[in-house]
Amino acid sequence: MDLPSQMILFARVVETGSFSAAARALNQTPSAVSRQIAHLEDRVGVRLLTRTQQGIALTEEGEAFHERCKVIASDLAETETMLSGLGERPRGTLRTVATVAFGKAQLLPILPEFLDRYPEIRLSLELTDRPVRLGPEGIDLAIRFSEQVDDPDAIARRLASNRRVLCAAPGYIERHGMPETPPDLALHNCLRLSTVASWNDWRFADGPEAPPVLDGNFEANSADAIYHAALAGVGVARLSTYLIGEDLRAGRLVRLLPDYVQEDASIVALYQDRRNLAPKIRAFLDHLVDHFSPVAPWERGVAGAEAAGAATTA
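Residues numbered from 1 in each chain as written. Predicted model: local features only at pLDDT ≥ 70, side-chain atom pairs only at ≥ 80, totals over all residues. Heavy atoms only, no water.

Q: Help me out: how do you make sense of the overall build of the chain in this one?
A: Tallying secondary structure elements over the chain gives twelve helices and eleven strands in all. Looking at the chain as a whole, 43% of its 314 residues are labelled buried. For the chain, the share of sequence-separated contacts (at least 6 apart) that also reach a separation of at least 24 residues comes to 75%. If you sum the accessible surface of the chain, you get close to 16500 Å²; carbon and sulfur atoms cover 51% of it. (Helix = DSSP H or I, 4+ residues; strand = E, 2+ residues; numbered from the N terminus. Buried < 20%, exposed > 50% of the residue type's maximum accessible area, 1.4 Å probe, protein only. Contact = heavy atoms within 4.5 Å. Areas by Shrake-Rupley, 256 points an atom, 1.4 Å probe, with all protein chains shown as cover.)

Below, the structure written as structure tokens:
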């Protein structure tokens, strides 16, 4: 047994008043406790205890030594209490990353409830579409699209389906007409994402016709910028329903080619350690799942939104 452990044992013997009582409290035998105290006395080079008819008594040196042992025992108990609290109560700084468009449209509105529920959590949020690495960057949790996940050490928890549809502003359609088939898109100004080339692959159902070659005079590094460009009437965009649902309902955007939808992507929460997940991360993950699963709020009214978009163009 190391010296700190022997000192804590010595403090327990003094507090309980006998080797037997200390042994019962620690689930040890009295002989084992007595042997460790003897080893401790040999280590420090002085007698610490004397046996009396009533039990044990401290020597003068033992009294001074006991004061030090009480401090160590008290510090250990306080540390154990603190660690127990950390394991149960969500607290501390929570570093979170989300894509720009999703963060602004869906994440920020649900943060007040979370922060009110967990006042000891300080949320540090970065909105970015760049690739991220959880461990090297000290990120606790990231919200990304499934096609962005390339971190082999990350655990992905699906939050919601990410349905992408084609849309444009009514003003753009008035100026350039309504595309009726996918090949018609070759005649339109298609808005593109500059950072991820694969996101510009507007895949259509298999058929005899080759996919149209899509081009346009505007690109941006964020879906959020593409969204605002579409609202401004710059061109045709492929955007997620979580972003444009309200605009379809209000007629600010019109659904194009209603048979087309890309729904093979998901919105996921990324974190590192499945075991011993920090309470602050677990609390935030549970909050996200409660709001976005099993059916995301923007999908609950999607049928009505699409019907409204179709009525606008009729």
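Having put the structure on the table, let's press on.
Q: Please explain the pairing of strand E3 (residues 92-98) as it appears in this structure.
A: Within a regular strand, the side chains alternate between the two sheet faces. Bridge analysis of E3 against strand E4 (residues 121-127) gives seven bridges, and the strand direction is parallel. Paired with Gly 92 across the two strands is Ile 121, which belongs to E4. Pairing geometry for E3 and strand E5 (residues 141-145), over three bridges, is parallel. When the sheet's bridge partners are listed, Thr 96 is paired in E5 with Leu 141. (Pairing = 2+ DSSP bridges.)

Q: What is the right way to read the nonpolar core from this model?
A: Side chains of nonpolar character tend, in soluble globular proteins, to be buried together. In terms of nonpolar packing, the biggest core is built from 48 residues, with Ile 143, Leu 239, Ile 244 and Leu 288 touching the most fellow members. The greatest single-element share of this core, amounting to seven residues, is contributed by helix H11 (residues 279-292). Not counting residues up to four positions away in its chain, the partners in contact with Leu 239 are Arg 163, Arg 164, Val 165, Cys 167, Ala 223, Ile 226, Tyr 227, Ala 230 and Ile 244. Counting residues in each nonpolar core, the second largest holds 16 residues, with Phe 10, Ala 22, Val 33 and Cys 69 among its members. (Core = buried A, V, L, I, M, F, W, Y, C linked by side-chain atoms within 4.5 Å.)

Q: Sorry if this is basic, but what is going on with the confidence of the model for the chain here?
A: Detailed reading of predicted coordinates is not advised where the pLDDT is low. Model confidence for the chain is summarised by a mean pLDDT of 86, while 90% of its residues fall at 70 or above. Predicted confidence for residues 303-314 stays below pLDDT 50, and this span has twelve contacts to residues more than four positions away or in other chains. (pLDDT = per-residue confidence, 0-100.)

Q: It is not clear to me how the side chain of Arg 238 should be interpreted in this structure. Could you clarify?
A: By the element assignment, Arg 238 lies in strand E9 (residues 237-240). One buried charge, Arg 238, has no salt-bridge partner; the nearest side chain with opposite charge is Glu 147, at 5.8 Å. Among the polar contacts listed, one links the side chain of Arg 238 to the side chain of Gln 262, at a separation of 2.6 Å. Once residues lying within four places of it in the same chain are set aside, the contact partners of Arg 238 are Arg 164, Val 165, Leu 166, Trp 199, Asp 201, Trp 202, Tyr 260 and Gln 262. (Lys, Arg positive; Asp, Glu negative; His and termini not counted. Salt bridge = Lys/Arg side-chain N within 4 Å of Asp/Glu carboxyl O. Polar contact = N/O pair within 3.5 Å; in protein donor to acceptor, adjacent residues only side chain to side chain.)

Q: When you look at the environment of Ile 143 in this model, what are you seeing that I'm missing?
A: The residue Ile 143 is located in strand E5 in this model. Ignoring sequence-local partners within four residues, the contact set of Ile 143 consists of Val 97, Ala 98, Thr 99, Phe 102, Leu 107, Leu 159, Ile 267, Val 268 and Leu 288.

Q: Help me out: how do you make sense of helix H3 (residues 30-44) in this one?
A: Residues spaced three or four apart along an α-helix point in a common direction, a consequence of the helix completing one turn every 3.6 residues. End to end, H3 covers 21 Å across 15 residues, agreeing with the expected 21 Å (1.5 Å per residue, within 8%). All of the buried residues along H3 are Ala 32, Val 33, Gln 36, Ile 37, Leu 40 and Glu 41. Two residues or fewer past H3, Gly 45 is found with a positive phi of approximately 85 degrees. (Expected span 1.5 Å × (residues − 1).)

Q: What's the story with the pairing of strand E6 (residues 155-168) in this structure? I'm lost.
A: For E6, the tally of buried residues reaches ten of 14 residues, placing the bulk of the element in the interior. As paired strands, E6 and strand E11 (residues 262-271) are joined by eight bridges and run antiparallel to one another. Each bridged residue has a counterpart across the sheet, and for Asn 162 the counterpart in E11 is Ala 265. With four bridges joining them, E6 and E9 adopt antiparallel strand pairing. When the bridges of E9 are listed, Val 165 appears paired with Leu 239. Sheet analysis places E6 next to strand E10 (residues 254-256), joined by three bridges and oriented antiparallel.

Q: Sorry if this is basic, but what is going on with the environment of Asp 153 here?
A: Mapped onto the elements of the fold, Asp 153 is located in the loop between E5 and E6. C-alpha separation for the pair Asp 153 and Gln 272, spaced 119 residues apart in sequence, amounts to 6.4 Å. With near-sequence residues (within four places) excluded, Asp 153 lies in contact with Tyr 271 and Gln 272.

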